[in-house]
Amino acid sequence: MSSILLLTSSPRAESLSTPIAVELAEKLKNQNPGSVLVRRDLAASPLPHIDDLFTGAIRKPAEARTAEEVAAVKTSDELVNELFAADTIVISTGLINFNIYSSLKTWIDNVARAGLTFKYTESGPVGLLTGKKVYVVLTSGGVYSQGPAAPLNHAVPYLKSVFGFLGITDIETIYVEGLAFGPEAAEKAIDAAKMRVQEIALAA
């Protein structure tokens, strides 16, 4: 049975990244009867930031942790299990200050776990989350996929670096950009994104 993990991170009620990501995840599910769709709304249900208790706990074997330490890593363990179970990960985020929303960054901090999602070897780090596909729906007021503002797009290189470190290299970005350039430009960007969503679903 295939599993789709949907991560939405926009705090905005009028978010465009969220509905497009939801549409993609639901279409992928419909194309694969019997598949499971797991959704995490990282904005509506913020995850705990990692702290000293957490970082100390994850450096210990599970059986050596105190009750307080077990509680500190409980959510992280759940997130890691969801990630391992997923064949496809759909992520929505806006480009804010040239990078991803902090809610999504916190999710990454919770799932990037040495010994669980990656390991260190004599030849360097090795990602343990292989064979998965990631789709990123990225919205922005300007155009950051190409052109003079492209160097300011730290979101996509960052996500590719993080997921690549964890063993996931099959990553596609669906840009919904130029939204601040007027209603016509916004409509065109949304239509193009929805068309790509339909193409991806049909090919699944």
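About the cut-offs
- Residues numbered from 1 in each chain as written.
- Predicted model: local features only at pLDDT ≥ 70, side-chain atom pairs only at ≥ 80, totals over all residues.
- Heavy atoms only, no water.
- UniProt positions renumbered as here; feature names shortened; annotations may be inferred.
- Helix = DSSP H or I, 4+ residues; strand = E, 2+ residues; numbered from the N terminus.
- Buried < 20%, exposed > 50% of the residue type's maximum accessible area, 1.4 Å probe, protein only.
- Arc of directions from axis to C-beta.
- Contact = heavy atoms within 4.5 Å.
- Salt bridge = Lys/Arg side-chain N within 4 Å of Asp/Glu carboxyl O.

Labelled according to an unreviewed UniProt entry, the protein appears under the name FMN dependent NADH:quinone oxidoreductase, originating from Rhizobium acidisoli. Under the UniProt heading Sequence similarities (unreviewed entry), the note attached to the protein is "Belongs to the azoreductase type 1 family."

Caption draft 1: Region of interest: the UniProt feature "domain: Flavodoxin-like fold" (unreviewed entry) in the protein. In the UniProt entry, the feature "domain: Flavodoxin-like fold" (unreviewed entry) is given for residues 3-199. Across residues 3-199 one finds 40% helix and 21% strand; the C-alpha atoms that close the span lie 20 Å apart.

Caption draft 2: Molecular detail of helix α5 (residues 155-165). Ala 155, Val 156, Leu 159, Val 162 and Phe 163 are the residues of α5 that are buried. The buried side chains of α5 occupy one side of the element, clustering within an arc of 135° when seen end-on. Where α5 is buried, its residues touch β3 (88-94), α4 (102-111), β6 (133-139) and β7 (170-176). Just downstream of α5, Gly 167 is the residue with a positive phi angle, here 105°.

Caption draft 3: Structural detail: the pattern of salt bridges. For the structure shown, the criterion picks out 12 salt bridges. The salt bridge partner of Asp 41 is Arg 39, with a shortest N-O separation of 3.9 Å. The class for Asp 41 is partly exposed, based on a relative accessible area of 29%. With a shortest N-O distance of 3.0 Å, Arg 40 and Glu 82 are connected by a salt bridge. In this pair, Arg 40 sits in strand β2 (residues 36-41) while Glu 82 sits in helix α3 (residues 67-85), placing the two residues 42 residues apart along the sequence. Salt bridges linked by common partners bring Lys 133, Asp 170, Glu 172, Arg 196 and Glu 199 together as one network.

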